[in-house]
Amino acid sequence: MSESIKKFMFVNTKAPYGTVYALESLEVVLISAAFDQDVSLVFCDDGVFQISNNQNTEASGMKNFSNAYKALGDYDINKLYVEKESLEERGLTLDNIMDLTYEDEDWAEKPSIKLVTRAELADLMDEQDVVISS
Amino acid sequence: MKFTLLINEGPYQHQASDTAYQFAKAALEKGHEIYRVFFYNDGVNNATRLAIPPQDDRNITENWAALGKEHELDMVVCIAAAQRRGMLDADEAGRQGKDADNIHPAFRISGLGQLVEGGIQADRLLTFGD
Amino acid sequence: MAMLHTVNKSPFERNSLNSCLTKSKEGSSILLIEDAVVGALKGTKVADDLTAAIANKNVYVLGSDLNTRGFTEADILDGIKTVDYAGFVDLVAEHSNVQSWL
């Protein structure tokens, strides 16, 4: 008998590159896929910059890890919540955000990104067993 | 109740490790169990055996080591975060061909899976960071 | 059971207190620790936000961190409760999960 599945939510609130939190949080997320838990990610506050389009690190010398977000769907991690208000406060729309998708049971490509309001996000957080923020 | 603690900042620079230590002590005094203490991000630096804080200050690594010994705590340093920051135990130093190691024997190095497993096994996972 | 939120940075330096206040539900609890305890002081620019939060959330401050920074219970907003580390442990145990706003 397998153990019950827990709801794990990784809340990303910091911009990438300026600090290592976004990269090292993503490393935990990828490992968590192996544990068959109910995993979701949140991008709010400056965390929305983690999944902005067209990240180009050629001249900065930073490691560009943005492609790893595109692999999340292959790991069955397909609940990526982006807070609407955080985008608006930063002058962004979903057009600025990477097109992250997954394939459902019938191999149909579906969007992983779900735009949620601040109030909806509060409800989602409340439902979790484990919340890991950075 | 079982707690897993996640410590994401190094010693002295941030209060995170101190707060986690005081929390762990209080939880143990109340009869709770600390299932695991997981050190991640710069938190891996809490495990250095080579720090020499001034004599009139607390010794954060030794405090953790003493608490760990008293209560047989499972104190895990993330191997990937540790290697990135030059934190090695003797085995890992040998494997990587390095001429020194610096992880205190009260801590053990292991993978990130130990953090996720800590979240699954404990009743509460609590993060201490910046 | 409701959720416990912790905040550890001064609201005069970071926006994590604001994030927490705007993304926590009625009936949840908020514990200010480390530098965030200064947000509990009377007469600050965030006092109105916290007073509004107290109306439908439980707000706590870690007393030792307040004392460490030179303040006591007399200096904080009415309605904010002070806890020690044992009280911190109780809050974690009594709530369904914990989110640290970092």
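If you're wondering where the values come from, they're calculated on a predicted model, not measured in any experiment.

Draft legend 1. Geometry of the overall build of chain B. In terms of helices and strands, chain B carries five helices and five strands. The C-alpha atoms of chain B give 14 Å as radius of gyration, which agrees with the globular expectation for 130 residues (14 Å, within 12%). Across its three principal directions, the C-alpha atoms of chain B cover 45 × 40 × 30 Å. Of all 130 residues assigned to chain B, the portion counted as buried reaches 58%. As displayed, chain B has an accessible area near 5,500 Å², and 43% of this comes from carbon and sulfur atoms. Positive and negative side-chain charges in chain B, numbering 13 and 19 respectively, have mean positions lying 3 Å apart.

Draft legend 2. Examining the interface of chain A and chain C more closely. Counting residues at the interface gives 18 residues for chain A and twelve residues for chain C. For the pair chain A and chain C, the two sides together bury roughly 1,300 Å², of which 45% comes from carbon and sulfur. Together, Arg118(A), Met125(A) and Asp126(A) form the three largest contributors to the area buried by chain A at its contact with chain C, with a combined 35%. There are three salt bridges connecting chain A and chain C. Two residues, Glu83(A) and Lys23(C), come together in a salt bridge whose shortest N-O distance is 3.0 Å.

Draft legend 3. Examining the environment of Asp35(C) more closely. Residue and element names in this part refer to chain C. Here Asp35 shows up in the loop between strand 2 (29–32) and helix 2 (47–56). Asp35 gets classed as partly exposed once you look at its relative accessible area, which sits at 33%. Considered as a pair, Asp35 and Arg69 are 34 residues apart in the sequence and their alpha carbons are 8.4 Å apart. Once you skip the residues sitting within four places of it in the chain, Asp35 turns out to touch Asn8, Lys9, Ser10 and Arg69. Of note is the side chain of Asp35, whose polar atom sits 3.0 Å from the side chain of Arg69.

Draft legend 4. Fine view of the layout of surface pockets. One number sums up the size of the largest pocket: a volume of about 210 Å³. Lining of the largest pocket is provided by 15 residues; of these, Thr13(A), Lys14(A), Arg14(C), Asn15(C) and Leu102(C) occupy positions nearest its centre. A per-class count over the lining of the largest pocket returns four nonpolar, five polar and six charged.

Draft legend 5. Quick peek at the environment of Leu77(C). Residue and element names in this part refer to chain C. Inspection of the secondary structure puts Leu77 in the loop between helix 3 (63–68) and strand 4 (81–83). For Leu77, a relative accessible area of 11% puts it in the buried group. Sequence separation between Leu77 and Leu4 is 73 residues; the distance between their C-alpha atoms is 20 Å. With sequence-adjacent residues up to four places away left out, Leu77 is seen in contact with Ala40, Leu41, Lys42, Ala47, Leu50 and Thr51.

Draft legend 6. Region of the structure containing empty space enclosed by the protein. Across all of its chains, the model carries two cavities of 30 Å³ or more by this definition. Its boundaries defined by the atoms lining it, the largest cavity holds a volume of some 100 Å³. Along the walls of the largest cavity sit 15 residues, with Ser25(A), Val28(A), Ile132(A), Ser134(A) and Tyr40(B) positioned nearest its centre. Taken together, the elements giving at least two residues each to the lining of the largest cavity come down to strand 1 (7–12), helix 1 (21–32) and strand 7 (130–133) of chain A. Looking at which element gives the most residues to the lining of the largest cavity, the answer is helix 1 of chain A, with four residues. Classifying every residue of the lining of the largest cavity gives eight nonpolar, six polar and one charged. Here the second largest cavity is characterised by a volume of approximately 40 Å³. As for the second largest cavity, its lining consists of Thr127(B), Phe128(B), Gly129(B), Thr6(C), Val7(C), Asn8(C), Ile33(C), Glu34(C), Ser100(C), Trp101(C) and Leu102(C). For the lining of the second largest cavity, the secondary-structure elements that each account for two or more residues are strand 5 (124–128) of chain B together with strand 1 (4–7) and strand 5 (98–101) of chain C. Its residues assigned to classes, the lining of the second largest cavity comprises five nonpolar, five polar and one charged.

Draft legend 7. Local environment of a negative patch on the surface. On the surface, Asp36(A), Asp74(A), Asp76(A), Asp99(A), Glu103(A) and Glu109(A) cluster together into a negatively charged patch. Of note, Glu103(A) is situated in strand 4 (residues 101–103).

Draft legend 8. Spotlight on the packing of helix 1 of chain A against helix 5 (residues 113–121) of chain B. Relative orientation of the contacting elements helix 1 of chain A and helix 5 of chain B amounts to 65°, with a least axis distance of 9 Å. With respect to their mutual orientation, helix 1 of chain A and helix 5 of chain B come out roughly perpendicular. Handedness of the helix 1 of chain A/helix 5 of chain B crossing: right-handed. Residues Val28(A), Ile31(A) and Ser32(A) of helix 1 of chain A form the contact with helix 5 of chain B, whose own contacting residues are Gly113(B), Leu115(B) and Val116(B). Partitioned by chemical class, the residues of the contact of helix 1 of chain A with helix 5 of chain B number four nonpolar, two polar and no charged.

Calculation criteria
Residues numbered from 1 in each chain as written. Chains lettered and ligands numbered in written order. Predicted model: local features only at pLDDT ≥ 70, side-chain atom pairs only at ≥ 80, totals over all residues. Heavy atoms only, no water. Helix = DSSP H or I, 4+ residues; strand = E, 2+ residues; numbered from the N terminus. Rg over C-alpha atoms; globule rule 2.2 N^0.38 Å. Buried < 20%, exposed > 50% of the residue type's maximum accessible area, 1.4 Å probe, protein only. Areas by Shrake-Rupley, 256 points an atom, 1.4 Å probe, with all protein chains shown as cover. Lys, Arg positive; Asp, Glu negative; His and termini not counted. Charge placed at Lys NZ, Arg CZ, Asp CG, Glu CD. Contact = heavy atoms within 4.5 Å. Buried area = accessible area lost by both parts, 1.4 Å probe. Salt bridge = Lys/Arg side-chain N within 4 Å of Asp/Glu carboxyl O. Polar contact = N/O pair within 3.5 Å; in protein donor to acceptor, adjacent residues only side chain to side chain. 1 Å grid on protein atoms, 1.4 Å probe; cavity = no way out; pocket = protein on both sides within 12 Å on 5 of 7 lines; lining within 4 Å. Points joined across faces, edges and corners; volume = space filled by probe spheres on them. Nonpolar A, V, L, I, M, F, W, Y, C, P; charged D, E, K, R; others polar. Patch = residues over 30% accessible without salt bridge, like charges linked within 9 Å, V, L, I, M, F, W, Y side chains within 5 Å. Axes fitted to C-alpha atoms, helices over the stretch in contact; angles between N-to-C directions. Parallel < 35°, antiparallel > 145°, perpendicular 65-115°, else oblique. Left-handed = near helix turned anticlockwise from the far one by under 90°.

By themselves these figures say nothing about function.
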